[in-house]
Amino acid sequence: MTGYENGEALMDLFNPAIKAMLPLVPKPLVWQFARSYIAGEKMSDLVNIVKDLNGAGFLAATSILGEFVHKGIQAEAASEEYQDVLTTINNLGLDSYVHIKLTHLGLKLDKELCFANVKAVLKTADECNNFVRIDMEDSTCIDDTIAIYKRARSEFENVGMVIQACMRRSLNDIQALKGIQANIRLCKGIYIEPREIAFHDRQNIRNNYEALLRELLSAGCYVGIATHDPWLVEATFQLIEQFRLSPSQCEFQMLYGVESDLRQSIRDKGHRLRIAVPFGPNWYPYSIRRLRKNPTIAKHVLKALFKKYRS
Ligand SMILES: Cc1cc2nc3c(=O)[nH]c(=O)nc-3n(C[C@H](O)[C@H](O)[C@H](O)COP(=O)(O)OP(=O)(O)OC[C@H]3O[C@@H](n4cnc5c(N)ncnc54)[C@H](O)[C@@H]3O)c2cc1C
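Just so it is clear, the structure is predicted and the values come from calculations on it, not from any experiment. (Residues numbered from 1 in each chain as written. Predicted model: local features only at pLDDT ≥ 70, side-chain atom pairs only at ≥ 80, totals over all residues. Heavy atoms only, no water.)

K.L.:
What am I meant to see in the packing of aromatic side chains here?
P.N.:
For any two aromatic rings, the description comes down to two numbers: the centre-to-centre distance and the angle of the planes. Scanning the entire structure with this criterion turns up four aromatic pairs. Geometrically, the ring pair formed by tryptophan 31 and tryptophan 283 is tilted, given 4.6 Å between the ring centres and 55° between the ring planes. One end of the pair, tryptophan 31, is in helix H2 (residues 27–34); the other, tryptophan 283, is in helix H11 (residues 283–293), with 252 residues separating them in the sequence. In this structure tryptophan 283 comes out as buried when scored by relative accessible area, which is 5%. (Phe/Tyr/Trp six-rings, centres within 6.5 Å; stacked < 30°, edge-to-face > 60°. Helix = DSSP H or I, 4+ residues; strand = E, 2+ residues; numbered from the N terminus. Buried < 20%, exposed > 50% of the residue type's maximum accessible area, 1.4 Å probe, protein only.)

Below is the structure:
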């Protein structure tokens, strides 16, 4: 067993302990984890990272950390912050769109307020000739997210959403979106959902991902292929060949801080690669919630740190 695999085995062993102890972890220590996948707290931190990514030939996707706000005023503030980000991106000529979480813009408070907040972001994006993607959150949000996406899509061209391959319902969701030339990011899905509604087995999720991708490409949808899984990237290369897609007809997407040899193999084939970079002062509650909800992320982050210290 290599040192790296040793680290992985250790993490599997410690997952429950990590989850239980998270609230006790001091903020500076959580930051040691968070800093590898978050640009920083301020807009200037974000701008520096996006400039670097663009300079290295990557597209970017920016999001402000936050979700499940409790007050309407917080949801409106989030919408205004996104509009500021879009204006900054435009003024500086950066190559980045934004992606938003509907619970950050008030989905669980009031759907009409949420839609008004989304619309304001889309309008600014339109004025800046930019694009907005609506992230997919846990299974309690899927119906509302699709409804808001369809509503937004009837008024704006510059909007996309996300489909999760772990969800059993996703093929039906794609079929229901076919008529509107949806722009879709396809990912595995980060939330832990019950077996009745979600696949848990790694290979089943991959197989469903491949089937969904085939369905989206057959429907002529533009797809953001969001994965760091070499198996899926290889399967995607084959589908791209089968569908005779040019590099401008789809793109790959990865998370900031997940350094992977795959990046080069994707670029060697002439494909575009977009890196998703979150930022903002809410990194602490976001990181703790993320880590608690899915200790696999803690495992990924620690694996990445382990790898970094060994190299
Ligand atoms: C651009 C982008 C946007 C996303 N948007 C959403 C969304 O809207 N909704 C949603 O539910 N999920 C979203 N996700 C998360 C996604 O659903 C998966 O949980 C995540 O990408 C891990 O799956 P994987 O396909 O990379 O495969 P995995 O098999 O999980 O990962 C493959 C390898 O990549 C590395 N890796 C993966 N994730 C991380 C990480 N976080 N840190 C360090 N290393 C890592 C590990 O080395 C791992 O072995 C998004 C992912 C990306 C890349």
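K.L.:
Explain helix H8 (residues 202–218) to me, please; I cannot follow it from the model alone.
P.N.:
Helical geometry note: an α-helix holds 3.6 residues per turn, so side chains three or four residues apart project in the same direction. In this model, H8 (17 residues) spans 24 Å end to end at C-alpha, consistent with the 24 Å of a helix rising 1.5 Å per residue. For H8, every residue scored as buried is listed here: Ile205, Arg206, Asn208, Tyr209, Leu212, Leu213, Glu215, Leu216 and Leu217. Those residues of H8 hidden inside the fold are in contact with strand E4 (159–164), helix H7 (170–177), strand E5 (183–187), strand E6 (222–226) and helix H9 (230–242). Of the residues that open H8, the one with a side-chain oxygen 3.1 Å from the backbone nitrogen of glutamine 203 is aspartate 201. Once H8 finishes, glycine 220 follows within two positions and takes phi at roughly 75°, a positive value. (Expected span 1.5 Å × (residues − 1). Contact = heavy atoms within 4.5 Å. Polar contact = N/O pair within 3.5 Å; in protein donor to acceptor, adjacent residues only side chain to side chain.)

K.L.:
Is there a simple way to explain the packing of H7 against H8 in this structure?
P.N.:
Two quantities define a packed helix pair, namely the angle between the axes and the distance from one axis to the other. Their axes nearest at 10 Å, the elements H7 and H8 cross at an angle of 5°. Here H7 lies roughly parallel to H8, going by the angle between them. Across the interface between the two elements, Ser170, Leu171, Ile174 and Gln175 of H7 pack against Leu212, Glu215 and Leu216 of H8. Per-class residue counts for the contact of H7 with H8 are four nonpolar, two polar and one charged. (Axes fitted to C-alpha atoms, helices over the stretch in contact; angles between N-to-C directions. Parallel < 35°, antiparallel > 145°, perpendicular 65-115°, else oblique. Nonpolar A, V, L, I, M, F, W, Y, C, P; charged D, E, K, R; others polar.)

K.L.:
For this particular structure, what's the right way to read a negative patch on the surface?
P.N.:
On the surface, Glu76, Glu80, Glu81 and Asp84 cluster together to form a negatively charged patch. With respect to the helices and strands, the residue glutamate 80 is situated in helix H4 (residues 72–92). (Patch = residues over 30% accessible without salt bridge, like charges linked within 9 Å, V, L, I, M, F, W, Y side chains within 5 Å. Areas by Shrake-Rupley, 256 points an atom, 1.4 Å probe, with all protein chains shown as cover. Salt bridge = Lys/Arg side-chain N within 4 Å of Asp/Glu carboxyl O. Lys, Arg positive; Asp, Glu negative; His and termini not counted. Charge placed at Lys NZ, Arg CZ, Asp CG, Glu CD.)

K.L.:
Teacher, can you tell me more about the pairing of strand E1 (residues 59–64) here?
P.N.:
Two faces, one strand: in a regular strand the side chains alternate between the faces of the sheet. The element E1 is extensively covered by neighbouring structure, given that six of its six residues are classed as buried. Going residue by residue along E1, you find Leu59, Ala61 and Ser63 tucked away on one face and Ala60, Thr62 and Ile64 tucked away on the opposite face as well. When E1 meets strand E8 (residues 273–279), the two strands line up parallel, connected through six bridges. Within the sheet, the bridge partner assigned to alanine 61 lies in E8 and is alanine 276. Here E1 pairs with strand E2 (residues 96–100) via three bridges, running parallel. (Pairing = 2+ DSSP bridges.)

K.L.:
Looking at this model, I keep getting lost on the side chain of threonine 88. Mind explaining?
P.N.:
Structurally, threonine 88 can be placed in helix H4. Look at threonine 88 and you get buried, because its relative accessible area is 19%. Beyond its immediate chain neighbours, meaning those up to four positions away, threonine 88 contacts Met43 and Val47.

K.L.:
When you look at the site of the ligand in this model, what are you seeing that I'm missing?
P.N.:
Of all residues adjacent to the ligand, which total 22 residues, the nearest are Met136, Gly189, Arg202, Thr227 and His228. Between the ligand and glutamine 164 there is a distance of 2.9 Å, counted from an oxygen atom to a side-chain nitrogen or oxygen. The backbone of isoleucine 190 places a nitrogen or oxygen atom 2.9 Å from an oxygen atom of the ligand. In isolation the ligand exposes 920 Å². Once the protein is present, 85% of that is buried. Among the elements that take part in the shell around the ligand, strand E7 (residues 250–255) stands out by supplying three residues, more than any other. (Near = heavy atom within 4 Å.)

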